[in-house]
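Architecture at a glance
Spelled out, the chains give:
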Amino acid sequence: MTVELLKELSDAVIDGNKDKSVELTNKLLDLGMNAKDILDNGLLPGMEVVGIRFRDNIIFVPQVLISARAMKSSLALLEPLLSKAELKGSGTVIIGTVKGDIHDIGKNIVAMMLRSSGFSVIDLGIDTRAEKFLDAIKKENAEIVGMSALLTTTMGYMKTVIDRIKEENILVKVMVGGAPISKAFADQIGADGYAKNATDAVKLAKSLIGIVTKEETVE
Ligand code: B1M
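Just so you know, these numbers come straight off a predicted model, no measurement behind them.

Of the volumes computed, that of the largest pocket is approximately 1,600 Å³. Lining the largest pocket we find 44 residues, and of these Met 47, Ile 105, Gly 106, Leu 150 and Ala 179 sit closest to its centre. Residues that form the lining of the largest pocket fall into these classes: 27 nonpolar, nine polar and eight charged.

In structure tokens:
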């Protein structure tokens, strides 16, 4: 039964049916499914299909937007549950989607998961300029800055931010992620780490500030 409901939830995201998406998310929570499983096995597979259809010109920006709205409405229900652990004291992370880029679903999930692992997260939102990253890092005395980019045309801006951090000799660890980003790209631009998804982002953030042992760190 839950497998069918998860499939229906994926379909609701694909169809951009916000009400159905919210209803099914609530139903799965009532049945006792944990928030992470709903995210991984219902919402994310739906958004993956949306991405493929968008890429193949089967659907266009308006349909993607209504799918994103459905996904965000369900995420809003999951967020307090994913953030419940509230293990304070892990450190402060400044996070944002880089300049020119307005994709924020993945970045929001990463922020949510970091919060649920005890990090204090300051989310600068989308289309974030280097100055805004730098001001926040200094103001919050952050241990980590996280940048997200979903476009091949915006991923290069991550290097601009890293160069500014180096120019100003700011002591902060830099982690990057987003669909077009790879470990090789992260190394090339001088980031301290790359994570391919939100779960790995948490492991990486912990390893960057020395919370986990070497064996547990993310490559
Ligand atoms: Co856009 N879009 N989009 N889009 N969009 C992509 C990225 C694209 C791959 C679609 C495609 O062609 N298949 C393509 C980029 C191609 C390229 O650059 N090579 C694209 C394009 C072209 C565009 C526009 C240019 C379209 C246009 O206007 N002609 C335009 C650009 C706008 C802009 O940013 N300036 C545009 C617009 C939009 C919408 C506004 C309609 C909407 C965004 C809504 C929103 O975010 N609020 C949208 C969407 C939804 C997508 C797709 C379909 C889905 C993205 C998403 O939310 N995925 C996307 C296709 C795709 O990626 N498959 C696409 C789900 C999300 C959970 O995954 O974001 O990858 P993701 O995050 C993951 C990991 O990457 C990682 O963890 C997350 C969770 O597991 N991660 C991190 C992310 N950030 C991290 C940071 C970390 C660590 C890990 O550390 C800090």
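Alright, that's what it looks like, and here's the rest.
Residues in contact with the ligand amount to 34 residues; listed here are only the nearest, Ile 102, His 103, Asp 104, Ser 148 and Thr 152. At 2.7 Å from an oxygen atom of the ligand is found a main-chain nitrogen or oxygen belonging to Ile 102. Residue Ala 179 places a main-chain N or O atom 3.4 Å away from an oxygen atom belonging to the ligand. Among the cavities detected, the one that contains the ligand is the largest pocket. A total of five residues in the shell around the ligand trace back to one element, the largest contributor, which is helix α3 (residues 35–55). Residues that form the shell around the ligand fall into these classes: 19 nonpolar, ten polar and five charged.

Under the 1.5 Å per step criterion, the end-to-end length of α3 is 28 Å for 21 residues, consistent within 8% with the ideal 30 Å. The sharpest bend along α3 comes to roughly 35°, located at Leu 44, with the proline Pro 45 sitting one to four residues further on. Among the residues making up α3, those that are buried are Ala 35, Ile 38, Leu 39, Gly 42, Leu 43, Gly 46, Met 47 and Val 50. The opening residue of α3, the one whose side-chain oxygen lies 3.0 Å from the backbone nitrogen of Lys 36, is Asn 34. Taken from the residues just after α3, Asn 57 is the one with a positive phi, measuring 60°.

Conventions we followed
Residues numbered from 1 in each chain as written. Predicted model: local features only at pLDDT ≥ 70, side-chain atom pairs only at ≥ 80, totals over all residues. Heavy atoms only, no water. 1 Å grid on protein atoms, 1.4 Å probe; cavity = no way out; pocket = protein on both sides within 12 Å on 5 of 7 lines; lining within 4 Å. Points joined across faces, edges and corners; volume = space filled by probe spheres on them. Nonpolar A, V, L, I, M, F, W, Y, C, P; charged D, E, K, R; others polar. Near = heavy atom within 4 Å. Polar contact = N/O pair within 3.5 Å; in protein donor to acceptor, adjacent residues only side chain to side chain. Sits in = over half its atoms within 2 Å of the grid points. Helix = DSSP H or I, 4+ residues; strand = E, 2+ residues; numbered from the N terminus. Expected span 1.5 Å × (residues − 1). Bend = angle between axes of the 7 residues up to and from the residue. Buried < 20%, exposed > 50% of the residue type's maximum accessible area, 1.4 Å probe, protein only.

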